[in-house]
Amino acid sequence: MFLNCHSYHSLRYGTIPLDELVELASQLGVTTLGLTDINTVTGIYDFIRMCATKNIKPIVGIEFRNDDEKLYTGLAKNTKGIGELCKFLTEYNLSKILLPNLAPKFKNAFIVYPLSNAPVRLEKNEFLGVNGHQTTQLIKPIYQKLLRKTIAFQTVTIRNQDEFELHKTLRCIDHNILLSQLTEHAHCHPSEVMDTSKALEKQFSRYSGIIRNAEKLAKRCTFKFDFTVPRNKKLYTGTKSGDMLLLSQLAKDGIIRRYGAKNKDAQVRMKKELKVIGELNFTGYFLITWDIVRYSQSKGFMHVGRGSGPNSIVSYALGITDICPIELDLYFERFLNQNRKSPPDFDIDWSWQERDEILDYIFKRFSPGHVAFCGTIVEFKHRSIMRELGKVYGLQKAELDQLSREGLQSGGTDSVVDRVAKLGAMLIGFPNQRSMHACGVIISEEPITNFSALEIKPKGFPIVQFDMHIAEDIGFEKFDILSQRGLGTIADTVELVKRNKGISIDIEQVNTFKNDIQCNTNLQIGNTLGCFYIESPAMRGLLRRLKCNDYQTLVAASSIIRPGVAKSGMMKEYIFRHNNPNSFEYFHEVFEEFLGDTYGIMVYQEDVIKIALHYGGLEPTYGDILRRSISGKSRSKKEIERVKYMFFESCKRLGRNEQLSVEVFRQIESFAGYSFCKAHSASYAVESYQSLYLKTYYGIEFMVCAINNGGGFYRTEIYVHEAKRAGGNVLVPCVNNSEQETILKGEDIYLGFGLIKSMDEKLAVQLVEERRANGDYTSLENFLSRTHIGGETLQTLIFVGAFRFTGKPKSDLIIIAKMLQSGEVSKSPTLLIEEPIQEYKFPVMERNSIEDAFDEIEILGFSVSLSPFELLKTKYRGDIMNKQLLDNYKKTVRMLAYLVSTKQVPTKNGNMYFGTWIDNDGDYFDTAHFATSLKKYPFKGGGCYLLLGRVEVDFHFPTIVISKMEKMPFVPDPRYESGTDRDYKVHERLKEGRSTTHRAPYPQEHEIGLPRSRMS
């Protein structure tokens, strides 16, 4: 038996994956196995289940350490024992103090001390643990006295010599040191391996009694966990009847508010849902979510309830969601049904600026110790492996570059590079560190320390030590408290319009926005940059292909762009049928009747339920099981096979065409895991319309707020370009007008100090506060007398143009600044009557607008005063512009364009790229670059390119298929002497947006073979 095993969840220490640890024990005939990872219980729940499949008795616990110092190991007698150990570890994790050298008294856990920390006397529940290589030390008198309470406690950390090398490497990574600097104290003993029971008995042959002691201790440990019990906070009012009464009243009031007092359909559906919610004991979950949303509304915050939540009319009535499930024919069973044993998921978005206040409310509103963030495991990835191993083994950059190019493949030599490659390949997928889940909050009925120790991460919230999958396995369903920048942009725009123009916009009047002609015109032509979810090049292209000019089509577009729908061929087929509604037949009458609004195409996850119900003949609840099993929500392959069998058996009973049934299931299987539910798409579409309305009618304000909220898909430069197109006069930062954020005065947009990456935020705030308190700065001298600013930052402000109000050239300002800061000229403190500014005469140094533009590129990352085209050596601007592309279908054209973004996409013939560009008119267009073209004519970073290619049009959307391209040179940087290597250095500051798609290549249309005729 092995009671002290470390898996790779002992971060940067253990080397054995959990499943392989259990498998190894099974192969060696081990019948009792203890998992005691260092300062964590991350793996214990998976461990219990894995042991059950191998008929191994699991024992769980924690090995407590302060850094490299092993203090003692706790073994849980029962489930209460793991709670005691977790509570103890949590206390020290949260207070961030060292663990004590001696363990406290536990009622339901045993403590095993190592020889290195043996106490003078052992309590009733305490023992001394000995590894095989340590038995010779037992002859010492101090240990002879404790033999009666000494147990065989062989530690397992590695499997072989290769893993010992990996272990030492992990310890170096943890300590951030070279391998040569690693001490013996910092790593495990090379004998910490799992062996046969005979080998173990041989190691302890001189002290066979301590093996019997270990066996007796193991028998006293029984950790049984019930995975079927829901662990979330069950009650809101304190009683089930009180919860049901409150929820029913809130729902009735909400139905009247949403539908009026006489809508029978809404009332019938509400009663049906309340019955299911009550029977499944989910009233508390609904009420807790309502409580959080009610607080949000009281603060005037915007929120969006999305995911499958909008399928419920009760959540609509409570104000958790704002999508009418009757209007969109949303199935409640998609959200909640009798076969669902875990609580449903409410995904709720807030502005990124307001989310922390919502979280603060949640952690204060519900009992301390009962609320925590879900954890997540950050794994070693290729890039981090290269970086970390490079530091441990002292590799040069060229050697790391070689590994990056060739991959983690060992050449079989003894070189350091090959050794690193071998170890790196072993590290792929290993846990590297525990972190905080982006949005998942657990609210528990019992203290969370009954299930996990808690840790504190930089944001200050406690987190559990396991991820969302384990949380769901053991009965927790997280509350997803999400944030996004799109909501911040919308809320800030509404406020800015009211402040600047005195116009109050009711952003909840979505029906008005949906029917607005100009909004739908912009939607149809893809004029949507800055608008949530509909601004990416791919989405704008889809909108144009669909000529999308209404809400229902936008809802569909939000889902069909998802990877699974595209992979299954459904996206291309939807586009074809939308544009050619008379050129296809429905597969079957069921598809025409129930999927008529999407041309017989399964676009949403709900469509799986519809087809399972009306074509396959399954019950709605089984339809949802099918959806969940296909989508990856259920991780059981047996479950997938079971519902697949049920589907085909039911189809046979109904006499369905076998060929069609196979095709239907292929479509279900291929896309369900990556598509949206219809409610989720509808929520996104509502927010898209809200942002589109603001962009359409308050474009300048909208783009200013988009910049301040960190934009979205594109970099700041593109949103600045959009602000200019909206009619804004964009100006570089100014010490008398700018603030930390970008601001709007009339139609003048002053870029914020926050866009100057080298400028400290605290300093920027101080500059603004001083100006507000004592008035505008009157001169450079006045500025310096009132602020405490370093020479480098001052120089940056001068070069960006922040002192242009003085009317003095930058060269003069730099000289004055150096004189003032060197003390050659006195700078008196601010007086009631300020002394006249002394004027100086300096040599005239001519500067031009191109120099200013290069200053802006260097400091901001883009030019404000001039367009990139005005910096080119050539005066040529291309043969045609974007507006002429449709007129040049199938023709080869030459265009000059500024690169906005690139996207790499895998194909069967190699990687291809899509590019997005701006022409000299400021309009956007798109290109496609196949692998053969890219080999000769690759992208060379941000800037302007000369493009040659053929215009192709795919359902109203033009794309240039590039055959040749070349980056065009800018004029030399006039700020430096001609001929130096700095002539073109600043050009490197221009960046393009880059994105990469990591997936298998999509099949071609002929490979999918999607039928367009009836299969009776």
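Residues numbered from 1 in each chain as written. Predicted model: local features only at pLDDT ≥ 70, side-chain atom pairs only at ≥ 80, totals over all residues. Heavy atoms only, no water.

*Asks:* So, the packing of aromatic side chains: which residues are in play, and what are the values?
*Replies:* One pass over the full model with this rule turns up 49 aromatic pairs. Arranged with centres 5.1 Å apart and planes meeting at 50°, the rings of Y693 and Y697 form a pair that is tilted. With Y693 and Y697 both in helix α29 (residues 678-697), this residue pair falls four residues apart, about one helical turn. The class for Y697 is partly exposed, based on a relative accessible area of 38%. One aromatic cluster is present, formed by Y45, F225, F227, F451, F466 and F476 through successive ring pairs. Directly above the aromatic system of Y615 lies the positively charged group of R656, at a separation of 5.0 Å from the ring centroid. (Phe/Tyr/Trp six-rings, centres within 6.5 Å; stacked < 30°, edge-to-face > 60°. Helix = DSSP H or I, 4+ residues; strand = E, 2+ residues; numbered from the N terminus. Buried < 20%, exposed > 50% of the residue type's maximum accessible area, 1.4 Å probe, protein only. Lys NZ or Arg CZ within 6 Å of the ring centre and 35° of its normal.)

*Asks:* Tell me about helix α30 (residues 699-708), and please be specific about residues and values.
*Replies:* Within α30, 10 of the 10 residues are buried, leaving the element largely enclosed by the surrounding structure. Those residues of α30 not exposed but buried are G699, I700, E701, F702, M703, V704, C705, A706, I707 and N708. Once α30 finishes, G710 follows within two positions and takes phi at roughly 80°, a positive value.

*Asks:* For the environment of K149, give the residues involved together with the corresponding values.
*Replies:* With respect to the element layout, K149 can be found in the loop between α4 (141-144) and β7 (150-152). It is 75 Å that separates the C-alpha atoms of K149 and F587, two residues lying 438 residues apart in sequence. Residue contacts for K149: discarding those within four places in its chain leaves L122, E123, K124, N125, E126, F127 and L128. Looking at K149, its side chain comes within polar contact range of the main-chain oxygen of E123, at 2.5 Å. Within the structure, K149 has its side chain in polar contact with the backbone oxygen of E126 (distance 2.9 Å). (Contact = heavy atoms within 4.5 Å. Polar contact = N/O pair within 3.5 Å; in protein donor to acceptor, adjacent residues only side chain to side chain.)

*Asks:* Go over the pattern of salt bridges, please, and point to the residues and values.
*Replies:* For the structure shown, the criterion picks out 54 salt bridges. As a salt-bridge pair, E388 and K391 come within 3.5 Å of each other at their nearest N and O atoms. One end of the pair, E388, and the other, K391, are both in helix α13 (residues 382-393), three residues apart, so they sit about a helical turn from each other. Taking relative accessible area as the criterion, K391 reaches 41% and is therefore assigned partly exposed. We note a salt bridge from E589 to R1014, for which the minimum N-O separation is 3.1 Å. One end of the pair, E589, is in helix α24 (residues 589-594); the other, R1014, is in the segment after α38 (1005-1008), and 425 residues separate them in sequence. By relative accessible area, which is 44% here, E589 ends up partly exposed. What makes R1014 partly exposed here is its relative accessible area of 39%. Members of the salt-bridge network, linked through shared partners, are K810, D852, D855, E858, D973 and R975. (Salt bridge = Lys/Arg side-chain N within 4 Å of Asp/Glu carboxyl O.)

*Asks:* Which residues make up the packing of helix α1 (residues 18-27) against helix α2 (residues 44-53), and what are the values?
*Replies:* At their nearest, the axes of α1 and α2 sit 10 Å apart, and the two run at 35° to each other. As for how α1 packs across α2, the hand of that crossing is right-handed. Here L18, D19 and V22 of α1 lie close against α2, whose contacting residues are D46, F47, M50 and C51. Partitioning the contact of α1 with α2 into residue classes produces five nonpolar, no polar and two charged. (Axes fitted to C-alpha atoms, helices over the stretch in contact; angles between N-to-C directions. Left-handed = near helix turned anticlockwise from the far one by under 90°. Nonpolar A, V, L, I, M, F, W, Y, C, P; charged D, E, K, R; others polar.)

*Asks:* Explain helix α5 (residues 161-175) residue by residue, including any values.
*Replies:* With 15 residues, α5 extends 21 Å between its outermost C-alpha atoms, agreeing within 8% with the 21 Å of an ideal straight helix rising 1.5 Å per residue. The buried count for α5 comes to 11 of 15 residues, which makes it a mostly enclosed element. The secondary structure elements touched by the buried residues of α5 are α13 and α15 (416-427). Two or three places before D162, at the start of α5, stands the capping residue N160, its side-chain oxygen 3.2 Å from that residue's backbone nitrogen. With its phi angle positive at about 55°, N176 sits one or two positions after the end of α5. (Expected span 1.5 Å × (residues − 1).)

*Asks:* Which residues make up the nonpolar core, and what are the values?
*Replies:* Counting 135 residues, the largest nonpolar core has L797 and F803 as its most contacted members. In this structure, F803 is in contact with V735, L780, F783, L794, L797, I798 and L813, ignoring residues within four places of it in sequence. (Core = buried A, V, L, I, M, F, W, Y, C linked by side-chain atoms within 4.5 Å.)

*Asks:* Could you give me a rundown of the confidence of the model for the chain, with the residues and numbers involved?
*Replies:* The pLDDT averaged across the chain works out to 90; a share of 92% of its residues lies at or above 70. Predicted confidence is poor over residues 825-833, with pLDDT under 50, and the contacts of this stretch with residues over four places away or in other chains come to 10 contacts. (pLDDT = per-residue confidence, 0-100.)

*Asks:* Tell me about the pairing of strand β12 (residues 431-443), and name the residues and values.
*Replies:* The element β12 is extensively covered by neighbouring structure, given that 10 of its 13 residues are classed as buried. Here strand β11 (residues 371-379) pairs with β12 via eight bridges, running antiparallel. Among the inter-strand pairings, A372 is bridged to a residue of β12, identified as I442. Across two bridges, the pairing between β12 and strand β15 (residues 479-484) is antiparallel. Paired with G440 across the two strands is D480, which belongs to β15. (Pairing = 2+ DSSP bridges.)

*Asks:* Lay out the sheet that holds strand β16 (residues 729-731) with the relevant residues and their values.
*Replies:* Spatially, three strands are ordered β16-β18-β17 in an open sheet, and the strand pairing comes out mixed. With partners counted over all chains shown, the strands left at the sheet margins are β16 and β17 (743-745), one partner each. On average, adjacent strands in this sheet sit at an angle of 25° to one another, irrespective of strand direction. With three bridges connecting them, β17 and strand β18 (residues 748-750) associate as antiparallel partners.

*Asks:* Could you give me a rundown of empty space enclosed by the protein, with the residues and numbers involved?
*Replies:* In the structure shown here, the tally under the stated rule is two cavities of 30 Å³ or more. Of the voids in this model, the largest cavity is the one considered here, and its volume is about 40 Å³. Looking at the largest cavity, the residues that line it are T289, I292, F346, I348, W350, F479 and I481. When residues of the lining of the largest cavity are traced back to their parent elements, those giving at least two are α10 (283-298), β10 (347-351) and β15. Along the lines of polarity and charge, the residues of the lining of the largest cavity split into six nonpolar, one polar and no charged. (1 Å grid on protein atoms, 1.4 Å probe; cavity = no way out; pocket = protein on both sides within 12 Å on 5 of 7 lines; lining within 4 Å. Points joined across faces, edges and corners; volume = space filled by probe spheres on them.)

*Asks:* Tell me about the pairing of strand β4 (residues 69-76), and name the residues and values.
*Replies:* Among the eight residues in β4, seven count as buried, and that is most of the element. Pairing of strand β3 (residues 57-66) with β4 involves six bridges; the strand directions are antiparallel. In the sheet register, G61 faces β4, and the bridge partner there is L75. The turn joining β3 and β4, which pair antiparallel and follow one another in sequence, is formed by two residues; a positive phi near 55° is taken by D67. Strand direction decides the pairing type here: β4 and strand β5 (residues 109-113), joined by four bridges, are antiparallel. Counted as the bridge partner of T73 is V112 from β5.

*Asks:* Any chance you could break down the sheet that holds β7 for me, citing the residues and the numbers?
*Replies:* The strands that make up a sheet pair up through hydrogen bonds in the backbone, lying either parallel or antiparallel. The mixed open sheet is built from eight strands, whose spatial order is β7-β6-β5-β4-β3-β2-β1-β8. A strand with exactly one partner marks an edge of an open sheet, and here the two such strands are β7 and β8 (155-156). Sheet analysis places strand β2 (residues 32-35) next to β3, joined by four bridges and oriented parallel. Of the residues in β3, the one forming a bridge with L33 is P58. Here α1 sits on the sheet and contacts β1 (2-5), β2 and β8; the angle it forms with β2, its principal contact strand, is near 155°.

*Asks:* Tell me about the packing of α10 against helix α12 (residues 355-365), and please be specific about residues and values.
*Replies:* Remark: α10 packs on α12, axes separated minimally by 10 Å, with the N-to-C direction vectors making an angle of 130°. Classified by the interaxial angle, the pair formed by α10 and α12 is oblique. Both α10 and α12 take part in a crossing whose hand is right-handed. On α12, the residues touching D291, I292, Y295 and S296 of α10 are E357, I358, Y361, I362 and R365. (Parallel < 35°, antiparallel > 145°, perpendicular 65-115°, else oblique.)

*Asks:* Before we move on, could you go through the side chain of H588 and cite the residues and values that matter?
*Replies:* Following the sequence through the fold, H588 ends up in the loop between α23 (570-579) and α24. With near-sequence residues (within four places) excluded, H588 lies in contact with Y615, R656, L660, R1014 and M1015.

*Asks:* Could you give me a rundown of the environment of T157, with the residues and numbers involved?
*Replies:* Its place among the elements puts T157 in the loop between β8 and α5. Residues T157 and G14, 143 residues apart in the sequence, show an inter-C-alpha distance of 5.2 Å. Ignoring anything within four residues of it in the chain, the contact list for T157 reads H6, Y13, G14, T15, I16, H167, C188 and E192. Reaching out from T157, the side chain makes a polar contact with the side chain of H6 at a distance of 2.9 Å. There is a polar contact of 2.7 Å between the side chain of T157 and the side chain of E192.

*Asks:* Tell me what's going on with the state of the cysteines, and back it up with residues and numbers.
*Replies:* The full count for this structure, using the stated rule, is zero disulfides. C677 takes part in no disulfide bond, and the closest cysteine sulfur to it belongs to C439, at a distance of 15 Å. C677 gets classed as buried once you look at its relative accessible area, which sits at 3%. Note on C705: no disulfide assigned, nearest cysteine sulfur contributed by C531 at a separation of 13 Å. (Disulfide = S-S within 2.5 Å.)

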